[in-house]
Amino acid sequence: MKVKLKYGISAYSGTIDDMTYSSHKDGAFCIGRKYVKPRYTENNEYMGKVSKNLGNIYADCSDDFKEDLRTYAYLFDGQKASKRKMSPNGYSHFISMMYAFARANASSIGLDTVTLGDLQTLFEDVTSVVSAVESGFLPKVKGYEALTANM
């Protein structure tokens, strides 16, 4: 549900009591939902391993590559993103790229075990934004050709 806050506060992010709030579009609106604690399953454990591994890979990527992802997110927001939904940031595009890459290479890659070195030496089609777009792991946007920095 869309939340209206008092006292001139435009948005809030976090959990209070039994509600979780999230701020979107630089504080332009706030969404609230009932907090639900997820059940623990084997899939939760696997997703946790994947998330931690991808987070570590992203942290080890070059600053130029991360800047290219931020630029790509800006271009995507202006050209492809829905104006009614929150636009993905650079890290979100990195995660989307990695999952698309894993689907295409399901027999040879596991997102919970792949390393940055593996990606740089064996899988050059995800080592830059331009190669990821040309390989079909990210949608094409105008200006993507300039985003050539390597992981």
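Residues numbered from 1 in each chain as written. Predicted model: local features only at pLDDT ≥ 70, side-chain atom pairs only at ≥ 80, totals over all residues. Heavy atoms only, no water.

Would you explain the packing of aromatic side chains in this entry?
A ring pair, where both rings are aromatic, is described by two values, the distance of the centres and the angle of the planes. Inspection of the entire model under this criterion finds 7 aromatic pairs. Centre to centre, the rings of Y58 and Y91 are 4.9 Å apart; their planes meet at 75°, and the pair counts as edge-to-face. Residue Y58 is located in helix α1 (residues 42-60), and its partner Y91 is located in helix α3 (residues 90-104); the two are separated by 33 residues in the primary sequence. Of the residues examined, Y58 reaches a relative accessible area of 14% and is grouped as buried. An angle of 80° between the planes, with centres 6.4 Å apart, marks the rings of F65 and F94 as edge-to-face. Separated by 29 residues along the polypeptide, F65 in helix α2 (residues 63-79) and F94 in helix α3 bring together distant segments of the chain. By the burial criterion, F65 is buried, and F94 matches it. In textbook terms, an aromatic cluster arises when at least three aromatic residues are bridged by ring pairs, as seen for Y58, F65, Y91 and F94. (Phe/Tyr/Trp six-rings, centres within 6.5 Å; stacked < 30°, edge-to-face > 60°. Helix = DSSP H or I, 4+ residues; strand = E, 2+ residues; numbered from the N terminus. Buried < 20%, exposed > 50% of the residue type's maximum accessible area, 1.4 Å probe, protein only.)

In this structure, what is going on with the pattern of salt bridges? I would like to understand it.
Working definition: two side chains of opposite charge can pair if their charged atoms are close together. Per the stated rule, a full pass over the model turns up 2 salt bridges. Residue E45 pairs with K49 through a salt bridge whose shortest N-O separation is 3.8 Å. Here the residue E45 and the residue K49 both occupy positions in helix α1, the gap between them amounting to 4 residues, near one helical turn. What makes E45 partly exposed here is its relative accessible area of 38%. The class for K49 is partly exposed, based on a relative accessible area of 45%. For E67, the salt bridge identified is with R70, shortest N-O distance 3.0 Å. Taken as a pair, E67 and R70 lie in helix α2 at a separation of 3 residues, close to a single helical turn. You can call E67 partly exposed: its relative accessible area is 39%. (Salt bridge = Lys/Arg side-chain N within 4 Å of Asp/Glu carboxyl O.)

Note that every value here comes from positions in space, so none of it alone points to a role or purpose.
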